[in-house]
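What the coordinates show
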Amino acid sequence: MLNDQLHVLLTAGPTYEPLDPVRFLGNRSTGKMGYALAEAFAAAGARVTLVSGPSQLPDPTGPLIRTVRVETAAEMFAAAEPVAAEADVWVFAAAVADYRPAQVAAEKIKKSGETMMLELVKNVDIAATLGQRKRPEQFAVGFALETTNELAHAQDKLRRKNFDLVVLNSLRDAGAGFGHDTNQVTVLDAANQFVNFTLQSKADVARGLVRLILARLKTT
Ligand code: CTP
């Protein structure tokens, strides 16, 4: 830890990738899980920097949480990068768009032919890029939302992005994932040990994850 108080960087919510002045590519993430984590870390006494994509939720309150609002993946990376250098724990709960429109039209795109092609270009992988710079005393947690071969995909993400823990959400579980107030997760580490959480409120999942992360920090 850099000083007595733990500093947590959290990414949360969706990203919106503009197409023209009135349209964007987005996703169904609400930010609920990330915001619940911000509150749970603050309740445990940590200082939190929450970098949030466009969520309808109000900023979490309390003196320990600073919220930075962004729209795009590039903005999320630019806001997270300097914080990551000095944070002790990184939690990547955001649903970042993997691609963005290659061109952002200056004016509203007018309807023309029967079909329309959109060219997309890859966005920065925030977790993977920062993961390459992770120092031994820093601790990174990622999320994985999978529909098939869940454990194998989650384990692969943990390795590729240099996570210490990965939180797996399966869309096959009723009541879990985007938009729900409840979540059912499995937490995996590099040794392929896993902890299953029962279906519970996102606030309770957040408290459980914070307990688990803090316990891991003490042993690393
Ligand atoms: N993530 C990120 N930046 C991205 C994409 C993902 O920081 N551009 C983070 C997410 O916040 C999450 C983890 O990486 O913690 C896994 O996200 P996911 O979308 O499941 O992974 P992808 O690498 O995009 O894999 P795929 O879409 O192929 O499943």
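Structural notes, computed from the coordinates.

What follows deals with the side chain of D20. Relative to the helices and strands, D20 is located in strand β2 (residues 17-20). A residue is classified by how much of its surface remains accessible, and D20, at 3% relative accessible area, is buried. A polar contact of 2.9 Å, which involves the side chain of D20, links it to the backbone nitrogen of V22. A distance of 2.9 Å separates a polar atom in the side chain of D20 from the backbone nitrogen of I109. Not counting the four nearest positions on each side in its chain, D20 is found in contact with V104, A105, E107, K108 and I109.

Spatial strand order, β5-β4-β1-β6-β9-β10-β12-β13: eight strands in an open sheet with mixed pairing. Taken across any chain shown, the strands that pair with only one partner, and hence form the sheet edges, are β5 (65-69) and β13 (194-196). Taking the axes of each pair of neighbouring strands and ignoring which way they run, one obtains an average angle of 15 degrees across the sheet. Of the pairings in the sheet, the one linking strand β6 (residues 89-92) to strand β9 (residues 139-146) comprises four bridges and is parallel in character. Considered in β9, the bridge of V91 is made with V141.

Quick notes on the rules
Residues numbered from 1 in each chain as written. Predicted model: local features only at pLDDT ≥ 70, side-chain atom pairs only at ≥ 80, totals over all residues. Heavy atoms only, no water. Helix = DSSP H or I, 4+ residues; strand = E, 2+ residues; numbered from the N terminus. Buried < 20%, exposed > 50% of the residue type's maximum accessible area, 1.4 Å probe, protein only. Polar contact = N/O pair within 3.5 Å; in protein donor to acceptor, adjacent residues only side chain to side chain. Contact = heavy atoms within 4.5 Å. Pairing = 2+ DSSP bridges. Axes fitted to C-alpha atoms, helices over the stretch in contact; angles between N-to-C directions.

In short, geometric facts, not functional conclusions.
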